[in-house]
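# Summary of the model geometry
The residues making up each chain are set out below.
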Amino acid sequence: MVDQARARRLAKRIVTIVGTAIEYEIKDPRLRFVTITDAKVTGDLREATVYYTVMGETIDAEPDYQGAAEGLKKATGVLRSTVGAATGIKFTPTLAFLLDTVPDAARQMEELLARARAADEQVARVAAGATHAGDADPYRSDDEQDDDD
């Protein structure tokens, strides 16, 4: 029987355990800038997918995605053992690591919103100096009809 609440609790626990282990126990320099963001555990608690992000050494530096992936692949056994010891469940789930694309998607959304704001400001500037085309009152009035007759 699938217990989704238990799977969610285990996923939260795995995020905490793996994040702490990477920060304090694993000495691989490729994992210095790795942050665990989320985890998903299957209903049978046999497999866990752990999502991570990688930051650069400086704000302008490009993150080393390949090095982080290799470091996590090498540390998977140790991390799984750590998860098993910390959770105490009968079967320790296998760990699969996936790069989290949410920060990139959020950055792209911010860029799109900034472009939309700039376009709105440009339209507002053009509209501020615009005048109506044609006459000020484009509709025929009763006075004009009397003159035509």
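Quantities reported herein were computed from a predicted structural model and do not represent experimental measurements.

### Describing the overall build of the protein chain
In terms of helices and strands, the protein chain carries four helices and three strands. Along its sequence from the N terminus, the protein chain presents helices and strands in the succession α-β-β-α-β-α-α. A globule of 149 residues ought to have a C-alpha radius of gyration of about 15 Å, yet the protein chain, at 29 Å, is considerably larger. Taken along its principal axes, the extent of the C-alpha atoms in the protein chain is 100 × 45 × 20 Å. Scored against the burial criterion, the 149 residues of the protein chain give a buried share of 26%.

### Section: helix α2 (residues 65–87)
Under the 1.5 Å per step criterion, the end-to-end length of α2 is only 29 Å for 23 residues, more than 12% shorter than the ideal 33 Å. Within α2, the axis deviates most sharply at Thr76, by approximately 55°. Looking only at α2, the buried set comprises Gly67, Ala68, Gly71, Leu72, Ala75, Thr76, Leu79, Thr82, Val83 and Gly84. Considering only its buried residues, α2 is in contact with α1 (4–24), β1 (34–41), β2 (47–54) and β3 (94–99). Where α2 ends, the next residue or the one after it, Gly88, has phi of about 70°, a positive value.

### Regarding the pairing of β1
As judged from the seven bridges shared by β1 and β2, these two strands associate in the antiparallel manner. Pairing of Thr35 across the sheet is with Thr53, part of β2. Counted between consecutive antiparallel strands, the loop separating β1 from β2 contains five residues, among which Leu45 sits at a positive phi close to 65°.

### Remarks on unusual backbone geometry
Even without a glycine there, the phi angle at Leu45 is positive, about 65°. Its place among the elements puts Leu45 in the loop between β1 and β2. In this structure Leu45 comes out as buried when scored by relative accessible area, which is 11%.

### Considerations on the side chain of Thr76
Within the element layout of this structure, Thr76 appears in helix α2. Given the relative accessible area of 19%, Thr76 is considered buried. Of note is the side chain of Thr76, whose polar atom sits 2.7 Å from the backbone oxygen of Leu72. Filtering out sequence-adjacent residues up to four positions away, Thr76 remains in contact with Leu95 and Phe97.

### Quick notes on the environment of Ala5
Examined against the element boundaries, Ala5 turns out to sit in helix α1. Spatially, the C-alpha atoms of Ala5 and Gly43 are 9.1 Å apart, while their sequence positions differ by 38 residues.

### Describing the packing of aromatic side chains
Where two aromatic rings form a pair, the distance of their centres and the angle of their planes describe that pair. Under the definition given, this model contains zero aromatic pairs. Over the face of the ring belonging to Phe91 we find Arg46, whose NZ or CZ atom lies 4.0 Å from the ring centre. Directly above the aromatic system of Phe91 lies the positively charged group of Arg80, at a separation of 5.7 Å from the ring centroid.

Reading the values: the criteria
- Residues numbered from 1 in each chain as written.
- Predicted model: local features only at pLDDT ≥ 70, side-chain atom pairs only at ≥ 80, totals over all residues.
- Heavy atoms only, no water.
- Helix = DSSP H or I, 4+ residues; strand = E, 2+ residues; numbered from the N terminus.
- Rg over C-alpha atoms; globule rule 2.2 N^0.38 Å.
- Buried < 20%, exposed > 50% of the residue type's maximum accessible area, 1.4 Å probe, protein only.
- Expected span 1.5 Å × (residues − 1).
- Bend = angle between axes of the 7 residues up to and from the residue.
- Contact = heavy atoms within 4.5 Å.
- Pairing = 2+ DSSP bridges.
- Polar contact = N/O pair within 3.5 Å; in protein donor to acceptor, adjacent residues only side chain to side chain.
- Phe/Tyr/Trp six-rings, centres within 6.5 Å; stacked < 30°, edge-to-face > 60°.
- Lys NZ or Arg CZ within 6 Å of the ring centre and 35° of its normal.

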